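For reference, the chains in residue letters:
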Amino acid sequence: MARIVHNYPVAPGCYRMGLSPGVDRVEPGQFVMIRIPGGLDPLLRRPFSVYNVLRGRGGGIEIVYKVVGRGTGMMASLGVGDEVDVLGPLGRGFPMPGKKERVVMVAGGVGVASLHLLAKRIGYGTLLFGGRNRRDARLAGDFRDLMEVKIVTEDGSMGRKGFVTEFVEEEIGEEGTVVYACGPSAMLEKVSCIAMDRGVRCYVSLEGMMACGMGVCLGCAVKADGAYRMVCSDGPVFRCDEIDWQGMDG
Ligand SMILES: Cc1cc2nc3c(=O)[nH]c(=O)nc-3n(C[C@H](O)[C@H](O)[C@H](O)COP(=O)(O)OP(=O)(O)OC[C@H]3O[C@@H](n4cnc5c(N)ncnc54)[C@H](O)[C@@H]3O)c2cc1C
Ligand code: FES
């Protein structure tokens, strides 16, 4: 059980929640499963990337989440001192870049949450962030001290106008770059195609639906390298050329 130490809005419909005590040895890209105790609704735990590790008294972790349904709606209504059930850290995270590799991160909306710990560990590179408008772009705020940040908004209210995938090609360059991406499946597929065309190493973090989070229920299977792999235990991070993108449901 973890106690909520903060839970405040950071962008439209998005909240930052701090939980204490923390968990040991988190790899960037790993996630925790959270359940609100004291009821069966919603029954299942919900997965969230570890956004940050808090040092100091008792330690802790932070997550950044978007309200999309019942579970996240209930989380947004919780306050300091409330408790939630946390399982993790789970899954396999992002590998670190090679010594001379350029780093490009590509994020769509709240997908940026899975890249923050990685950005902190690496401490250089470029983040290409895509959101609907300038208020969504607040989600990229914490990256500004860590790396170069380039914003793309659908309505053009901040940075360049369009979809983030339109700008990936020029950012990736040629060999010698490693790409890390997280966001909607269609975005990941486009980023992966560009990276594969350029012969660039690229890792994607998938956000499939999950029930157990530990490779038991088989509910999060994706086709990768000609076999079924579990997003929760074999991923959520995969090399982009492992994934059978035709078999993904978008
Ligand atoms: C490894 C992993 C890490 C994640 N990290 C984060 C994170 O850091 N921050 C964050 O905001 N979200 C993250 N997610 C997504 C998050 O788990 C879901 O948004 C959450 O479970 C929704 O719960 P809910 O009860 O509010 O929605 P529900 O009531 O269960 O669903 C509401 C709607 O959202 C859709 N939905 C639910 N889950 C997903 C999903 N995973 N992908 C796309 N659509 C979904 C449903 O189809 C439905 O239409 C992550 C998912 C995975 C698998
Ligand atoms: S969520 Fe149960 S196997 Fe992945």
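Read on for a plain summary of the structure.

Cut-offs used in this document
Residues numbered from 1 in each chain as written. Chains lettered and ligands numbered in written order. Predicted model: local features only at pLDDT ≥ 70, side-chain atom pairs only at ≥ 80, totals over all residues. Heavy atoms only, no water. Salt bridge = Lys/Arg side-chain N within 4 Å of Asp/Glu carboxyl O. Core = buried A, V, L, I, M, F, W, Y, C linked by side-chain atoms within 4.5 Å. Buried < 20%, exposed > 50% of the residue type's maximum accessible area, 1.4 Å probe, protein only. Helix = DSSP H or I, 4+ residues; strand = E, 2+ residues; numbered from the N terminus. Domains from an automatic or database assignment. Phe/Tyr/Trp six-rings, centres within 6.5 Å; stacked < 30°, edge-to-face > 60°. Expected span 1.5 Å × (residues − 1). Contact = heavy atoms within 4.5 Å. Near = heavy atom within 4 Å. Polar contact = N/O pair within 3.5 Å; in protein donor to acceptor, adjacent residues only side chain to side chain. Areas by Shrake-Rupley, 256 points an atom, 1.4 Å probe, with all protein chains shown as cover. Nonpolar A, V, L, I, M, F, W, Y, C, P; charged D, E, K, R; others polar. Pairing = 2+ DSSP bridges. Axes fitted to C-alpha atoms, helices over the stretch in contact; angles between N-to-C directions.

### A look at the pattern of salt bridges
Side chains that differ in charge, positive against negative, can pair when their charged atoms come close. Here the structure, examined in full by the defined rule, presents twelve salt bridges. For Arg132, the salt bridge is made with Asp136, and the minimal N-O distance between the two is 3.0 Å.

### Considerations on the nonpolar core
Within the largest apolar cluster, 33 residues are counted, with the highest numbers of intra-cluster contacts made by Val106, Val179, Val191, Val204 and Leu206. Listing elements by their share of this core, those giving two or more residues are β3 (31-35), β8 (102-108), α3 (168-172), β12 (177-182), α4 (185-198), β13 (201-205) and β14 (221-224). Of the residues forming this core, the biggest block, five residues, is contributed by α4. A domain split of this core shows at least three residues from each of domain 1 (2-90) and domain 2 (102-247). Counting residues in each nonpolar core, the second largest holds 28 residues, with Cys14, Met147, Val149 and Ile151 among its members.

### Observations regarding the packing of aromatic side chains
By the definition in use, this model includes four aromatic pairs. Ring centres 5.5 Å apart and planes at 85° place the aromatic pair Phe94 and Tyr180 in the edge-to-face group. Here the residue Phe94 occupies a position in the loop between β7 (83-90) and β8, and Tyr180 occupies one in strand β12, the gap between them amounting to 86 residues. A single burial state applies to Phe94 and to Tyr180, both of which are buried.

### Points about α4
The first and last C-alpha atoms of α4 sit 20 Å apart over 14 residues, in line with the 20 Å expected at 1.5 Å per residue. For α4, the complete set of buried residues consists of Ser185, Met187, Leu188, Val191, Ser192, Ile194 and Ala195. For α4, the elements touching its buried residues are β8, α3, β12 and β13. Directly beyond the C-terminal end of α4, a positive phi value near 70° is found at Gly199.

### Considerations on the site of ligand 1
Around ligand 1 lies a shell of 20 residues, among which Arg46, Pro47, Lys66, Gly71 and Thr72 are the nearest. Side-chain polar atom of Arg46 to an oxygen atom of ligand 1: 2.6 Å apart, as the coordinates give it. Note that an oxygen atom of ligand 1 is positioned 2.7 Å from one of the backbone N or O atoms of Lys66. For ligand 1, whose unbound accessible area comes to 890 Å², protein coverage reaches 74%. If you list the elements that add at least two residues to the shell around ligand 1, you get β4 (46-49), β6 (60-66) and α1 (70-76). In terms of residues, the shell around ligand 1 owes the most to one element, β4, which gives four residues. A per-class count over the shell around ligand 1 returns eleven nonpolar, five polar and four charged. Both domain 1 (2-90) and domain 2 (102-247) contribute no fewer than three residues apiece to the shell around ligand 1.

### A short note on the sheet that holds strand β5 (residues 52-54)
Spatially, seven strands are ordered β4-β3-β7-β1-β2-β6-β5 in an open sheet, and the strand pairing comes out antiparallel. Whereas interior strands pair on both sides, the edge strands pair on one side only; in this sheet they are β4 and β5. Here the strands of the sheet are splayed against their neighbours by 35° on average, with no regard to which way each runs. In terms of strand pairing, β3 meets β7 through four bridges, oriented antiparallel.

### Topic: unusual backbone geometry
Working note: non-glycine residues mostly have negative phi, and peptide bonds are mostly trans. Omega for the peptide link from Gly88 to Pro89 comes to 5°, which places this bond in the cis form. Its place among the elements puts Pro89 in strand β7. Of note, the bond from Gly235 into Pro236 is cis; its omega dihedral lies within 30 degrees of zero at 15°. Mapped onto the secondary structure, Pro236 falls in the loop between β15 (227-230) and β16 (237-239). The phi torsion at Leu218 lies on the positive side, around 65°, for a residue other than glycine. Within the secondary structure, Leu218 is located in the loop between β13 and β14. For Leu218, a relative accessible area of 54% gives the class exposed.

What is shown is where atoms sit, not what they do.
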